[in-house]
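As a plain string of letters, each chain reads:
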Amino acid sequence: MAAKVFLLPGREKRLLAGHLWVYGGEIQDVVGPCQPGDVVEVYTSRKRFLGVGYYNPFSQITVRLLAREKTKIDREFFRKRLLEAGLYRDLLLSETNAYRLVSSEGDFLPGLIVDQYGEYLVVQFLTLGMERQREVILSLLKELFFPRGIYERSEGSSREKEGLPGREGLLWGEVPPRICIREGDLRFYVDIYRGQKTGFFLDQRENRKVLQGLCQGKRVLDCFCYTGGFAVAAAKGGAREVVAVDISPRALEGGRDNAQLNQVEDRIRWVEANCFDQLRLLERAGEKFDVVVLDPPAFTKSKESLPSALRGYKEINLRALKLLHPGGVLFTCSCSYHLTEPLFWQVVLEAAQDAGRFLRLIEFRRQARDHIILPTVPETYYLKCGIFQAL
Ligand code: SAH
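Reading the values: rules and limits
- Residues numbered from 1 in each chain as written.
- Predicted model: local features only at pLDDT ≥ 70, side-chain atom pairs only at ≥ 80, totals over all residues.
- Heavy atoms only, no water.
- Helix = DSSP H or I, 4+ residues; strand = E, 2+ residues; numbered from the N terminus.
- Buried < 20%, exposed > 50% of the residue type's maximum accessible area, 1.4 Å probe, protein only.
- Core = buried A, V, L, I, M, F, W, Y, C linked by side-chain atoms within 4.5 Å.
- Domains from an automatic or database assignment.
- Contact = heavy atoms within 4.5 Å.
- Salt bridge = Lys/Arg side-chain N within 4 Å of Asp/Glu carboxyl O.
- Axes fitted to C-alpha atoms, helices over the stretch in contact; angles between N-to-C directions.
- Parallel < 35°, antiparallel > 145°, perpendicular 65-115°, else oblique.
- Left-handed = near helix turned anticlockwise from the far one by under 90°.
- Nonpolar A, V, L, I, M, F, W, Y, C, P; charged D, E, K, R; others polar.
- Pairing = 2+ DSSP bridges.

> Is there a simple way to explain unusual backbone geometry in this structure?
If a residue is not glycine, its phi is most likely negative; likewise, a peptide bond is most likely trans. Positioned with a positive phi, Lys47 is a non-glycine residue whose angle comes to about 70°. Position of Lys47 relative to the elements: it lies in the loop between strand S4 (39-43) and strand S5 (49-55). Overall, the relative accessible area of 61% leaves Lys47 in the exposed class.

Following this line, the structure appears as structure tokens:
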């Protein structure tokens, strides 16, 4: 029988409102034998049932709920969860063969990420509780989705917080180092073994599409371009010229290949540079653009470094605005969870004020719909994308 975790009095509010996490400091008592990673039942101090989850006392987030009803956590449970995840993507996506098939909390499978790239799957087990389910999950992924291969990219800070070492490599079948994916009329190569994250920024798919529609005949600057997701979309959308900037030579190499794959290589210029420097350089050279895209990495992964991150975001937005022709488009993103939507607005508006520009909102967007946002779990919302006309 599963051990029972009892919360301190009054600490059940968040779970009752639909959140899925219990912090260590909210627990009064654990009754019954329980190893790190084991499945437990969670109750209020008055013994009201709240859900079933897994337990890791080494993590600040000590319990993550897998279900809000009383249910057995067995192979059948995971089979249903994965099947639901697949059906949800069938409903949402038609134009692509690359998407997030399992989105952790968003699919009630906290700690599990599965990205589908054509016939291949890339997985991340990010918590001890999910690590313990590794074999069940892998056998179910094969049974339900028939991949030709499964590759693991379990790395990054979240595993450290769980007391787990990083792990990567081939888990099953075969996975070529480079896979070609389709997004509408766009094609991209994805470097599964060595690309950033699981290889590609699938969370920007729908935003790429929107950018594509704004670029006919335009001169476009794509800052933090990685392998050219936005740059290629802009060129394919008819941009006259695209300048794409990234600090990583490897990313730019991927970008060049992607440009060729989409037959737009003659209209994209790739620049290896620090964007902070390059933006200043372009300004000094008197360059102007019709569209500037900013999609930096998360400048902060904690609340503590938020102030310096805010300065960074403000600086790039300010400099981007200075490069825009009157009536040009600022396409500005942030993937920092800690930079909340109100703060993001504030940064952009301050930058506009300092640049002496007046903004019109064209559209405000978020992460692609397969990267599920649960309104009751604010931590699932991280990617902001503001599209403004700068007068
Ligand atoms: N826009 C991309 C994803 C960007 S990820 C897409 O849609 O695919 C962030 C990128 O910023 C990474 O490729 C990283 O190499 C790059 N980067 C990080 N710091 C940088 C800096 N100071 N200057 C330029 N590029 C930087």
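Now, onward.
> How should the nonpolar core be read in this particular structure?
In globular proteins that are soluble, nonpolar side chains generally tend to be buried together. Counting 40 residues, the largest nonpolar core has Tyr117 and Ile268 as the members making the most contacts within it. Element by element, the count of residues in this core is highest for helix H7 (residues 229-236), at six residues. Each of domain 2 (75-178) and domain 3 (201-390) gives at least three residues to this core. Leave out the neighbours within four places in its chain, and Ile268 touches Ala231, Val232, Ala235, Val242, Ala244 and Ala259. Of all hydrophobic cores here, the second largest spans 33 residues; its members include Leu318, Ala320, Leu339 and Val347.

> Explain the pattern of salt bridges to me, please; I cannot follow it from the model alone.
Side chains that differ in sign of charge can pair as their charged atoms come close. In total, this model carries 34 salt bridges according to the counting rule given. Here Glu162 and Arg64 are joined by a salt bridge, their closest N and O atoms 3.6 Å apart. In this pair, Glu162 is assigned in the loop between helix H5 (157-161) and strand S11 (167-173) and Arg64 in strand S6 (residues 61-67), connecting sequence segments 98 residues apart. Overall, the relative accessible area of 12% leaves Arg64 in the buried class. The salt bridge involving Asp185 is made with Lys209; its shortest N-O contact spans 3.6 Å. Here the residue Asp185 occupies a position in the loop between strand S12 (178-183) and strand S13 (186-191), and Lys209 occupies one in helix H6 (residues 205-212), the gap between them amounting to 24 residues. By relative accessible area, Asp185 is classed as partly exposed at 39%.

> Which parts of the structure should I look at to understand the packing of helix H9 (residues 275-284) against helix H10 (residues 306-323)?
Any two packed helices are characterised by the angle at which their axes cross and by the distance between the axes. Closest axis-to-axis distance for the H9/H10 pair is 9 Å, and the angle between their directions is 25°. Here H10 runs roughly parallel to H9, going by the angle between their axes. For H9 against H10, the interelement crossing comes out left-handed. Along the contact surface, H9 presents Phe276, Leu279, Arg280, Leu282 and Glu283, while H10 presents Gly312, Glu315, Ile316, Arg319, Ala320, Lys322 and Leu323. For the contact of H9 with H10, the residue count by class is six nonpolar, one polar and five charged.

> Got a minute to help me understand the sheet that holds strand S7 (residues 98-103) in this structure?
In any sheet, the strands associate via hydrogen bonds between backbone groups, in a parallel or an antiparallel arrangement. The strand order S7-S8-S9-S10-S11 describes an open sheet built from five strands, whose pairing is mixed. In this open sheet, the two edge strands, each paired with only one partner strand, are S7 and S11. Taken pair by pair, the neighbouring strands of this sheet meet at an average axis angle of 20°, ignoring direction. Judged from the four bridges that link them, strand S9 (residues 120-125) and strand S10 (residues 149-154) form a sheet pairing that is parallel. Looking at S10, one finds that Val122 is bridged to Tyr151. Against the sheet, helix H2 (residues 75-92) contacts S7 and strand S8 (112-117), and its axis sits at roughly 145° relative to S7. Where helix H4 (residues 134-145) meets the sheet, it contacts S7, S8, S9, S10 and S11, and its direction lies at approximately 160° from that of S9.

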